[in-house]
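So the chains spell out like this:
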Amino acid sequence: MNLLQKVISVLALSTLLIVSPFAGQADAAAKTTNITKTATSLTGIKYRYGGTTRAGFDCSGYVGYVFKQNGLKVARTSSAMYASGRAVKKSNLRNGDLVFFNTTGRGVSHVGIYVGNGKFAHASTSKGVRVDRVNDTYWGKRYIGAKRVAGI
């Protein structure tokens, strides 16, 4: 191997070492964009207790459906979802993060998907799939926390 070939090889390897750590970030950004699009595209689908299809969703069935459409698997219930993933501060929410609420007074009972600008998509028992503000007067008081799941 001559000197020029060695220099080219070193430069190529250096470039790979610098660029490769960022490749996963681009994939994650694309995935969160797709999750957000999927989540908001289902707006208006009715609520159905235990529902996991477009015929009707409960909150965790809705989250599971959105994530499955994007190649990710999450637990079936909101409390099991809350038990997994990595905790995220409210001030650090990113699209695709799961947001959790206590609507019953007995711990985690509702889950939605953060879609940006202080909003989350979820399957509401009264109005079906919709987008609401995380900090509105109803949800803000019931907010418990957020998780970022693997693959995002």
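You'll find the structure just up there.
Criteria and cut-off values
- Residues numbered from 1 in each chain as written.
- Predicted model: local features only at pLDDT ≥ 70, side-chain atom pairs only at ≥ 80, totals over all residues.
- Heavy atoms only, no water.
- 1 Å grid on protein atoms, 1.4 Å probe; cavity = no way out; pocket = protein on both sides within 12 Å on 5 of 7 lines; lining within 4 Å.
- Points joined across faces, edges and corners; volume = space filled by probe spheres on them.
- Helix = DSSP H or I, 4+ residues; strand = E, 2+ residues; numbered from the N terminus.
- Nonpolar A, V, L, I, M, F, W, Y, C, P; charged D, E, K, R; others polar.
- Pairing = 2+ DSSP bridges.
- Axes fitted to C-alpha atoms, helices over the stretch in contact; angles between N-to-C directions.
- Contact = heavy atoms within 4.5 Å.
- Phe/Tyr/Trp six-rings, centres within 6.5 Å; stacked < 30°, edge-to-face > 60°.
- Buried < 20%, exposed > 50% of the residue type's maximum accessible area, 1.4 Å probe, protein only.
- Lys NZ or Arg CZ within 6 Å of the ring centre and 35° of its normal.

### Quick look at the layout of surface pockets
Put simply, the largest pocket is a space of about 230 Å³. Every residue lining the largest pocket is listed: Thr52, Ser60, Gly61, Gly64, Tyr65, Lys68, Gln69, Leu72, Lys73, Val74, Ala75 and Arg76. For the lining of the largest pocket, the element with the most residues is helix α2 (residues 59-69), which contributes six residues. Each residue belonging to the lining of the largest pocket can be placed in one class, and the counts come to four nonpolar, five polar and three charged. Put simply, the second largest pocket is a space of about 150 Å³. Tyr47, Cys59, Thr103, Thr104, Ser109, His110, Ala123, Ser124, Thr125, Ser126, Tyr138 and Trp139 together form the lining of the second largest pocket. In the lining of the second largest pocket, the residues fall into five nonpolar, seven polar and no charged.

### Looking at the sheet that holds strand β4 (residues 98-101)
Ordered in space as β3-β8-β4-β5-β6-β7, the six strands form an open sheet in which the pairing is antiparallel. Each edge of the open sheet carries a strand with a single partner, namely β3 (86-88) and β7 (128-133). Averaged over all neighbouring strand pairs, the angle between strand axes comes to 35°, with direction disregarded. As paired strands, strand β6 (residues 119-124) and β7 are joined by six bridges and run antiparallel to one another. Each bridged residue has a counterpart across the sheet, and for His122 the counterpart in β7 is Arg130. Packing of α2 onto the sheet brings it into contact with β4, β5 (110-116), β6 and β7, and relative to β5 it is tilted by some 45°.

### Regarding the packing of aromatic side chains
Tallied over the full model, the rule gives eight aromatic pairs. A centroid spacing of 5.0 Å and a plane angle of 70° characterise the contact between Tyr82 and Phe100, whose relative ring orientation is edge-to-face. Of this pair, Tyr82 sits in helix α3 (residues 78-82) while Phe100 is found in strand β4, placing the two residues 18 residues apart along the sequence. On the basis of relative accessibility, which here comes to 27%, the residue Tyr82 falls in the partly exposed class. Geometrically, the ring pair formed by Phe120 and Trp139 is edge-to-face, given 5.4 Å between the ring centres and 85° between the ring planes. Of this pair, Phe120 sits in strand β6 while Trp139 is found in helix α4 (residues 139-142), placing the two residues 19 residues apart along the sequence. An aromatic cluster is present here, built from Phe101, Phe120, Tyr138, Trp139 and Tyr143 joined pairwise through their rings. Directly above the ring of Tyr82 sits Lys147, whose terminal nitrogen or CZ lies 4.7 Å from the centroid.

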